[in-house]
Amino acid sequence: QLNAGDSDSSTGGVVSITTGKGSGDTGSGAMTITTANQDLGTSSISGALFLTTGTATGDTGDITLETGSSTNGQAGNIILSVGSTEIGDGADYTIAAGNSKVGVGGSVFVTSGYSTSGSSGAIEIETVNSGANGVSGPITINTGVSQNGNSSAVSIFSGSSDESGGAISLSVGT
């Protein structure tokens, strides 16, 4: 257990863990945070990993997950993936914004990267191909049910251009 100190009159102590810097063209040290493998018995489970900020009477702290910038190469990727299973169903991957009792619920933004001289990055949403005896997974886009007013619209549009705007294509597989 690693705890920073409390304070009665100012901000609490900080915990900072940094890997070592390499020499020349070598890289800095990697950092691995993992729970132990649990392979004893037939139904044992490995420990969970929690990354949370504390509660507060005001705003709670942010969680920032980002890779460093690069001057001569490509910035590192961020990969969030769920492990595979051999017998049961695959695990879910859920992204959810925060709820509110009085105000508006939080939004979810997915934005591709910007380029000052080239094209912006693409966003692809797709299900993978099915196995030999299954069907590919569906994609559903819908707004929530409204209790006392109109439900919100679903809008799909391409951006404007000085030449020709991008097309919107809807097609059915053959």
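See the structure printed just above.
Colleague: Hey, could you run me through the overall build of the protein in this one?
Modeller: Counting its secondary structure elements, the protein contains zero helices and zero strands. Relative to the globule expectation of 16 Å for 174 residues, the C-alpha radius of gyration of the protein, 23 Å, shows a markedly less compact shape. In terms of its C-alpha atoms, the protein occupies a principal-axis envelope of roughly 60 × 55 × 50 Å. Counting across all 174 residues of the protein, residues that qualify as buried make up 0%. Looking at the protein alone, contacts between residues at least 24 apart form 0% of all its contacts between residues at least 6 apart. Total accessible area on the protein stands at roughly 17200 Å², and carbon and sulfur atoms take up 48% of it.

Colleague: Would you take a moment to explain the layout of surface pockets for this structure?
Modeller: Unoccupied space between atoms shows up once a probe the size of one water molecule is rolled over them. Of the voids in this model, the largest pocket is the one considered here, and its volume is about 630 Å³. Of the residues belonging to the lining of the largest pocket, the class tally is seven nonpolar, four polar and no charged. The volume enclosed by the second largest pocket comes to roughly 510 Å³. Lining the second largest pocket, in full, are I33, L49, F50, L51, T52, T53, D62, I63, T64, L65 and E66. The class makeup of the residues in the lining of the second largest pocket is six nonpolar, three polar and two charged.

Criteria and thresholds
Residues numbered from 1 in each chain as written. Predicted model: local features only at pLDDT ≥ 70, side-chain atom pairs only at ≥ 80, totals over all residues. Heavy atoms only, no water. Helix = DSSP H or I, 4+ residues; strand = E, 2+ residues; numbered from the N terminus. Rg over C-alpha atoms; globule rule 2.2 N^0.38 Å. Buried < 20%, exposed > 50% of the residue type's maximum accessible area, 1.4 Å probe, protein only. Contact = heavy atoms within 4.5 Å. Areas by Shrake-Rupley, 256 points an atom, 1.4 Å probe, with all protein chains shown as cover. 1 Å grid on protein atoms, 1.4 Å probe; cavity = no way out; pocket = protein on both sides within 12 Å on 5 of 7 lines; lining within 4 Å. Points joined across faces, edges and corners; volume = space filled by probe spheres on them. Nonpolar A, V, L, I, M, F, W, Y, C, P; charged D, E, K, R; others polar.

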